[in-house]
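Now for the letters of each chain:
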Amino acid sequence: HTLARAGFAVVVPEMVGFTALQLHPRNAREIADAFAWLVNQPELAPEGRAGMAGVSYALGPALLAALEPDIREQVRFILGIGGYHDLTATLRFVTTGWFEEAGRWRALEPNPYGQLVLVNSALPYLARPRDRELLAAMVERRLKDRAAPIDDLAAGLGPEGRAVFAFVNNRDRARFDALFEALPAALKRDLQGLDVARQDLSQLRARLILVHDREDTLIAYTESLALAAAVGPEQAQLFLIRHVLGHVHLSLGHVLSWRFWHEELPDVWRLSRATYLLLAERADE
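Residues numbered from 1 in each chain as written. Predicted model: local features only at pLDDT ≥ 70, side-chain atom pairs only at ≥ 80, totals over all residues. Heavy atoms only, no water.

Draft legend 1. Seen up close, the overall build of the protein. Looking only at helices and strands, one finds 12 helices and six strands in the protein. If you take every contact in the protein between residues at least 6 apart in sequence, the share linking residues at least 24 apart comes to 68%. For the protein, the exposed area adds up to about 14,200 Å²; of that, 55% sits on carbon and sulfur atoms. (Helix = DSSP H or I, 4+ residues; strand = E, 2+ residues; numbered from the N terminus. Contact = heavy atoms within 4.5 Å. Areas by Shrake-Rupley, 256 points an atom, 1.4 Å probe, with all protein chains shown as cover.)

Draft legend 2. How the structure looks around the environment of glycine 17. Structurally, the position occupied by glycine 17 is in the loop between α1 (2-5) and α2 (26-39). For glycine 17, a relative accessible area of 16% translates into the label buried. (Buried < 20%, exposed > 50% of the residue type's maximum accessible area, 1.4 Å probe, protein only.)

Draft legend 3. Molecular detail of the sheet that holds strand β2 (residues 75-81). Taking strand neighbours across the sheet as the criterion, the four strands line up as β1-β2-β5-β6 in an open arrangement whose pairing is parallel. Each end of this open sheet is capped by a strand with a single partner; those strands are β1 (50-55) and β6 (236-241). The mean inter-strand angle of the sheet, taken between neighbouring strand axes irrespective of direction, is 10 degrees. By the bridge criterion, five bridges tie β2 to strand β5 (residues 207-213) in an arrangement that is parallel. Residue pairing across strands places isoleucine 81 opposite valine 211, the latter belonging to β5. Those strands touched by α2 are β1 and β2, and its axis lies near 150 degrees from that of β1. (Pairing = 2+ DSSP bridges. Axes fitted to C-alpha atoms, helices over the stretch in contact; angles between N-to-C directions.)

Draft legend 4. Looking closely at the packing of aromatic side chains. A full pass over the atoms with the stated rule returns seven aromatic pairs. Each ring, one from tyrosine 57 and one from tyrosine 84, has its centre 6.4 Å from the other, and the planes form 15 degrees; the classification is stacked. Here tyrosine 57 is found in the loop between β1 and α3 (59-66), whereas its partner tyrosine 84 is found in the loop between β2 and α4 (87-96), with 27 residues between them in sequence. Note on tyrosine 57: relative accessible area 10%, which makes it buried. A relative accessible area of 1% places tyrosine 84 in the buried class. Counting every residue linked through ring pairs, the aromatic cluster contains Phe93, Phe99 and Tyr221. Above the face of the tryptophan 98 ring, arginine 173 is positioned so that its terminal group lies 4.6 Å from the ring centre. (Phe/Tyr/Trp six-rings, centres within 6.5 Å; stacked < 30°, edge-to-face > 60°. Lys NZ or Arg CZ within 6 Å of the ring centre and 35° of its normal.)

Draft legend 5. Quick look at a nonpolar patch on the surface. A contiguous nonpolar patch, built from Val11, Trp37 and Leu44 and spanning about 260 Å² of accessible area, is present on the exposed surface. Structurally, tryptophan 37 is set in helix α2. (Patch = residues over 30% accessible without salt bridge, like charges linked within 9 Å, V, L, I, M, F, W, Y side chains within 5 Å. Salt bridge = Lys/Arg side-chain N within 4 Å of Asp/Glu carboxyl O.)

Draft legend 6. Fine view of the nonpolar core. Met52, Ile78, Phe167 and Leu208 are the most contacted members of the largest nonpolar core, which totals 62 residues. Residues in contact with leucine 208, not counting those within four places in the same chain, are Leu63, Ile78, Leu227, Val231, Gln235, Ala236 and Gln237. One finds Phe8, Ile209, Val211 and Phe239 within the second-largest nonpolar core, a separate group that totals 10 residues. (Core = buried A, V, L, I, M, F, W, Y, C linked by side-chain atoms within 4.5 Å.)

What follows is the structure, given as structure tokens:
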């Protein structure tokens, strides 16, 4: 709605499974198909080109869509907020809270919402109906109460269900690789199919406007750093936020407060620069 009020023609694709908190590589093609429809509407895209916006996880499928040969020449820009580059590193952060910053390991308390999305995404890959039922019940409990006990449900899991449960609940980065390898093969394959770092980004034609909070607890800010580095400074502009964004939700203190003037105002300036670049894309400047 905000983009539309700013004068953009906006199409929001209904991605299969996305509203059910499930990740899948087909999301990229769904975005590409919606984009292809948009740029073929002269009243919406008179020049036959347009941009994309991807928030959080959705930036990955948006980038993969922008690499599709049938549309990549028509994607002018991509706005990414709190997105990822390397899915393996992102999964490590989502589960353990560990990420690599300038060659050193750092940890934050990960947002449990990301772990619930991983469990939900794993459900279709489990052969045993009881595993699917128990893990779905865990997600339902934790969505209502993040501290709800789930050990009684975990006790009934079979081998595949236990592998998913162990992976998602692991906080030891040294165990991450082995636990990932123990996941169902089809799940690993499709997760890797969402990995932007595995793609040849030299084929990307779009300019990138990237925004990320340094203290994001769902996707580490280093993912946007890595993405910007992968495409180069001529193609990507990155704005790192320190206080007001969190993952993707803007939050400002009172305009008369010390915090606003000394900590938040610089972030407002950074966000205004990103907004200016975005609005310039609307006018093809």
